[in-house]
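Here are the chains, one letter per residue:
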Amino acid sequence: MNWWNLSVFCIIPIVSVIFFFFWKRKYLWMAPLTSTVISVVISLFAMPSILSDAEHRSMFFGISVMLHILIAVVLTVIAYGIAHFWDRK
């Protein structure tokens with residue numbers, strides 16, 4: 001479970017934002033979407049039981065996925081800010 005928390009809430013959003021930041025900044029808006037899809041797929045492969053009952057499913061989609069999206073969007077906004085100041089110089 002610890003590797004899941006670390007990968008879903010830290011590694012995947014950071015890698016996604018860094019990838020789009022250095023690949024093409026005009027596609028940086030796709031970082032939260034890509035990161036969320038990858039996180040959901042990894043979560044379903046790691047813990048397929050989260051879809052077994054309504055309580056686990058609602059906690060996963062209601063809390064975990066929304067928290068992941070929030071983290072990814074905040075990192076994307078920070079990356080946009082860095083890109084703005086980087087391009088001004």
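Before reading on, note that the structure itself is shown above.
Structure report, in brief. Bear in mind that the values here come from a model prediction, so they are computed numbers and not experimental data. (Residues numbered from 1 in each chain as written. Predicted model: local features only at pLDDT ≥ 70, side-chain atom pairs only at ≥ 80, totals over all residues. Heavy atoms only, no water.)

1. Topic: the side chain of Thr76
Note that Thr76 resides in helix 3 (residues 54–88). Residue class for Thr76 comes out buried when judged on its relative accessible area of 4%. Engagement of the side chain of Thr76 in a polar contact is seen with the backbone oxygen of Ala72, the distance being 2.7 Å. Excluding residues that lie within four positions of it along the chain, Thr76 makes contacts with Val17, Leu28, Ala31 and Pro32. (Helix = DSSP H or I, 4+ residues; strand = E, 2+ residues; numbered from the N terminus. Buried < 20%, exposed > 50% of the residue type's maximum accessible area, 1.4 Å probe, protein only. Polar contact = N/O pair within 3.5 Å; in protein donor to acceptor, adjacent residues only side chain to side chain. Contact = heavy atoms within 4.5 Å.)

2. Describing the nonpolar core
Within the largest apolar cluster, eight residues are counted, these being Trp4, Val8, Phe9, Val40, Met47, Ile50, Phe60 and Val65. Among the elements of the structure, helix 1 (2–23) and helix 3 are those that each provide at least two residues to this core. Among the elements that take part in this core, helix 1 stands out by supplying three residues, more than any other. Ranked by size, the runner-up nonpolar core spans seven residues in total, among them Phe21, Leu28, Ala79 and Ala83. (Core = buried A, V, L, I, M, F, W, Y, C linked by side-chain atoms within 4.5 Å.)

3. Details of the packing of aromatic side chains
For the structure shown, the criterion picks out eight aromatic pairs. With a centroid separation of 5.6 Å and an interplanar angle of 15 degrees, the aromatic rings of Phe19 and Trp23 are classed as stacked. Of this pair, Phe19 and Trp23 both sit in helix 1, separated by four residues, roughly a single helical turn. Overall, the relative accessible area of 47% leaves Phe19 in the partly exposed class. It is Arg25 that lies over the ring of Phe21; its NZ or CZ is 4.5 Å from the centre. (Phe/Tyr/Trp six-rings, centres within 6.5 Å; stacked < 30°, edge-to-face > 60°. Lys NZ or Arg CZ within 6 Å of the ring centre and 35° of its normal.)

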